[in-house]
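As a plain string of letters, each chain reads:
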Amino acid sequence: MSTNLADYKNIWVFAEQRQGKIMGVALELIGEACKLAKDISDETEVCAVLVGDGIEDLAKECFEYGADKVYLLQHPLLKNFTTDAYAKVMTEAMEVYKPEIVLYGATHIGRDLAPRIAARSHTGLTADCTHLDVSVAKYIEFAKANTTLDTSTLDPESKDTGLKMTRPAFGGNLMATIVSPRTRPQMATVRPGVMSKREREAGRTGEVIKVDVKLSEADVRTKILNIVKEAKEMVSLTDADIICSGGRGLGGPEGFKLIQEFADKVGGVVGSSRACVDNGWIDHAHQVGQTGTTVKPKIYFACGISGAIQHLAGMQDSDIIVAINKDPDAPIFEVADYGIVGDLYKVIPQIMEAWDK
Amino acid sequence: MKVIVCAKQVPDTNEIKINPETGSLIRDGVPSILNPDDANALEEALKLKDMYPDTHITVVSMGPPQAQDMLFECLAMGADEAILLSDRAVGGSDTYATSNAISAVIDKYKKEFGDFDIIFGGRQAIDGDTAQVGPQIAEKQHLPQVTYVVDFKLSDDKKTVTVKRQLEDGYEEIEVKTPCMLTCTKELNQPRYMSMKGIFNKDKKITVWSAADCEVDLSVVGLKASPTNVYRSFTPRPKGKGVMVAGDTEAEIAANLIASFKEKHII
Ligand SMILES: Cc1cc2nc3c(=O)[nH]c(=O)nc-3n(C[C@H](O)[C@H](O)[C@H](O)COP(=O)(O)OP(=O)(O)OC[C@H]3O[C@@H](n4cnc5c(N)ncnc54)[C@H](O)[C@@H]3O)c2cc1C
Ligand SMILES: Cc1cc2nc3c(=O)[nH]c(=O)nc-3n(C[C@H](O)[C@H](O)[C@H](O)COP(=O)(O)OP(=O)(O)OC[C@H]3O[C@@H](n4cnc5c(N)ncnc54)[C@H](O)[C@@H]3O)c2cc1C
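About the thresholds
- Residues numbered from 1 in each chain as written.
- Chains lettered and ligands numbered in written order.
- Predicted model: local features only at pLDDT ≥ 70, side-chain atom pairs only at ≥ 80, totals over all residues.
- Heavy atoms only, no water.
- Near = heavy atom within 4 Å.
- Polar contact = N/O pair within 3.5 Å; in protein donor to acceptor, adjacent residues only side chain to side chain.
- Areas by Shrake-Rupley, 256 points an atom, 1.4 Å probe, with all protein chains shown as cover.
- Helix = DSSP H or I, 4+ residues; strand = E, 2+ residues; numbered from the N terminus.
- Nonpolar A, V, L, I, M, F, W, Y, C, P; charged D, E, K, R; others polar.
- Contact = heavy atoms within 4.5 Å.
- Salt bridge = Lys/Arg side-chain N within 4 Å of Asp/Glu carboxyl O.
- Pairing = 2+ DSSP bridges.

## With respect to the site of ligand 2
Okay, step 1: The environment of ligand 2 is made up of 35 residues, and the closest members are Lys8(B), Asp38(B), Thr95(B), Ala125(B) and Thr130(B).
Okay, step 2: Chains contributing residues near ligand 2 are chains A and B.
Okay, step 3: At a separation of 2.8 Å, a nitrogen atom of ligand 2 approaches a polar backbone atom of Leu125(A).
Okay, step 4: Within the backbone of Ala131(B), an N or O atom sits 2.8 Å from an oxygen atom of ligand 2.
Okay, step 5: Expressed as a share of its isolated accessible area of 950 Å², the protein-covered part of ligand 2 is 91%.
Okay, step 6: Residue assignment for the shell around ligand 2 shows that the elements contributing at least two residues are strand S7 (125–129), strand S9 (164–169) and strand S10 (174–179) of chain A together with strand S6 (56–62), helix H3 (95–113), strand S8 (118–122) and helix H4 (133–140) of chain B.
Okay, step 7: Taken together, the residues of the shell around ligand 2 sort by class into 14 nonpolar, 14 polar and seven charged.

So this is what it looks like as C-alpha cells:
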C-alpha cells in the first residue's frame, strides 16, 4: 500500500460472524486490541469490522466487549463467506480508512481470507500468532518469562511501536517474532483461544460507520451449494475450566469411558491426543494440540499422553498441568506442575475418590 | 486437461530435536521430504490422470537444487514433468515474495505450454506452517480459490469443480469453474507410493530455471521484497519442572494431590 506509514491509524479486528453469530475469537481479538491500542497512543481506536448481511445487531456485542467503532459492511452477497466477496470489500475499506493494524482469527475463514487480502494490498501477514506486542518493554518481559531469547540486544526504552507478532513454526519446535516494518497495514491471523476477552460491559456503545459496499454477482466466482454442520457431540474445549485428556496409554477406545467418568466427576470435558484420534478411538473434535484445539484450562489432566511437542503446543499454557504416566522419563513430566508415575487405571479412580473428600 | 501441482521440499519436522544446552534446532541428519499436504495435492491430480489419461501433470517448486530429489519422487509417483525455480535471488522470500516467484513460474509455463485447468497446492507446509502461499498464488494468478479441500469432483465436461471445504464444525460444498486454485488437506486422499515404472522412466525430466529463465521481476522477490521480516526467533522454554506427587500407594498419591490443590486454592 502507501509508503507513508503515518497515514495509517487504529486497530481493526475482522469480527468474523457465521450465520449471524460472532465467533469467540473475534471478541478475544477485540480484548487484545484494547491492550495494544493503549501501548500505541491515546488516540488509537479499536475498530470491529462486521461483514455480512442483516447483522447490524452484532455491533452492540462488539462495543460491549471493548470496540470504540464498528464498521458495517453489508450486502446480500456477503451473507455467507466467500473469498472473492469478502476480500474485495475488506481491501477496498482498508484503502479508504487506512488502519495501522488488522487482526483476523486464525479460523478456516480467517486463514483463507487474510492471505488473499495481504497479497492484494501488497502488505505482510503473519500466520497463526499466539502472542502480540507493540511495546518493546513488554516484549522483553514476555520473552524473559517464556523463552530462551537473549534480550540484552533489545532496548526497553525504545519508542518503536511496530507490531511484534510471535508464532510457532517448524511444528512448534521454533518460535519466531515477525514484524512488517515497511508496509501498512500490519496484519496477523491469531489462534483462537489464546487471547482474552474483556469483561462484558453492558450498555457500552460507540460509533457505527456504514461503509459503502460495491459488489455484483460477477465478482463472486465460487458458488456455495450447501453448508453442512456435522452432528458432532459438542465439545467446548476452549471454554472448559478442567480438561481430562486421554492418550494412547489408554490402550483402546474403551479407556475413554474412564476418562468420561473422570471428567463428569471433576466437572471437566474430555480431551485427547492425536494418537487416539488417528486410531479412531474418539472424534477429532476432542483433539488437543497443534492440529487440534489450543486450550488453557485451569487444570489439564494428561493421562497416558507422552508429551509430544505437537501436543504440548496446544496445552502448555494451561494454569496447572497434571501428568499421569507409567514412564518416569515421559517428556510430559517436563511441563507438568504435578507428575504422577503410575498406571492411569489405578490412579484415576483414586483421584475421583479423593476429589469429594 | 493440464494440471499444475505446487510442491515444496521440507525438513521432516517430526525428526527435529532441540539442543537443550543452546536451545537451538538440530537440523543435521534431519531428512528432507515432500511436504505431506503436497503429496495429497499430487495424488488428487494423479487420480484425475487415472480417469483421463491425457491429463498432463506439471509439478512446480521453488527451492535449492536439492529439491530435485523431492521432484524426482513426484515424477516416480506419476507426474509428467517438473519445474524447479532455483536462484539465490529468491532466497529469504516470505510468503508474499514466494507467491510472486511461483506465480512468475506459472506465467512462464503459460507462455510455453498454454493455459492450465487446475492448480493443486497443499494447504500448509510443515516448516513455515503459514498456509498463506496457496491463496497468495491464487490472488496473483487472478484465480478463484478453495482452501481446506477434503473432497473433489470434476464435472463430465471438465469445466466445473465441486469440492467440500472443511470448516471447524462441518463443511461447505462449493462449486467453481476452472481454472481455479485448490489447497488440499490430508483428509482428501491417501497418496500412492512411487512405482518401479516411475522410478526407472527416463523420459520424464526436471527442468531447473533461474530467475532470469522465468523472467521474474527481481523487485518483488527475495528477502528485500518481503514485507515481513523475522525480528527474533527462539525456542519455547519448557515451563519449570513441577513436583512429582509423593505417596506409597495410588490412594496416598491422590490424597496428596488433592490436598495440594486445596492448599493452593486450585479447587
Ligand atoms: C504435523 C503433526 C501434527 C500433530 N498434531 C498433533 C496434535 O494436534 N495433537 C497431538 O496430541 N498430537 C499431534 N501429533 C502427534 C504427536 O507427534 C504424537 O504422535 C502424539 O501426540 C502421541 O500421542 P500419545 O501421547 O497419546 O501417544 P504415545 O506417544 O504413544 O504415548 C503414550 C503414553 O502413555 C503411557 N502409558 C501407556 N500405558 C499407560 C498406563 N496404563 N498408564 C499410564 N500411562 C501409560 C506411555 O508411557 C506413553 O508415554 C502431530 C504430529 C504431526 C507430525
Ligand atoms: C520461523 C519462520 C516463520 C515464518 N513466518 C512467516 C509469516 O508469518 N508470514 C510470512 O509471510 N512468511 C513467514 N515465513 C516465511 C515462509 O515460511 C516462506 O515464505 C516459505 O517459503 C513459504 O511459506 P510456508 O512454508 O509457510 O508455506 P505454506 O504457505 O504453508 O505452503 C502452502 C502450500 O503452498 C505451496 N508452496 C509453498 N512454498 C512452496 C515452494 N517453495 N515451492 C512450491 N510450492 C510451495 C505448497 O503447495 C504448500 O503446501 C516464516 C519463515 C520462518 C522460518
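## Thoughts on the interface of chain B and chain A
The figure often quoted for interface size is the accessible area lost as the parts come together.
Okay, step 1: On the chain A side, the residues contacting the 76 residues of chain B number 88 residues.
Okay, step 2: Our count for the contact surface shared by chain B and chain A stands at six salt bridges.
Okay, step 3: Between Lys223(A) and Glu175(B) there is a salt bridge; the shortest N-O distance is 3.9 Å.
Okay, step 4: Between chain B and chain A we count 39 residue pairs in polar contact (both at pLDDT 80 or more) in total.
Okay, step 5: Going through the elements one at a time, H4, strand S9 (145–154), strand S10 (160–167), strand S11 (170–177), strand S14 (229–234), strand S15 (243–244) and helix H6 (250–263) of chain B are the ones with two or more residues in the side of chain B that touches chain A.
Okay, step 6: Residues belonging to the side of chain B that touches chain A are distributed by class as follows: 34 nonpolar, 21 polar and 21 charged.
Okay, step 7: Strand direction decides the pairing type here: strand S18 (residues 338–341) of chain A and S15(B), joined by two bridges, are parallel. Looking across to S15(B), one finds that Tyr338(A) is bridged to Val243(B).

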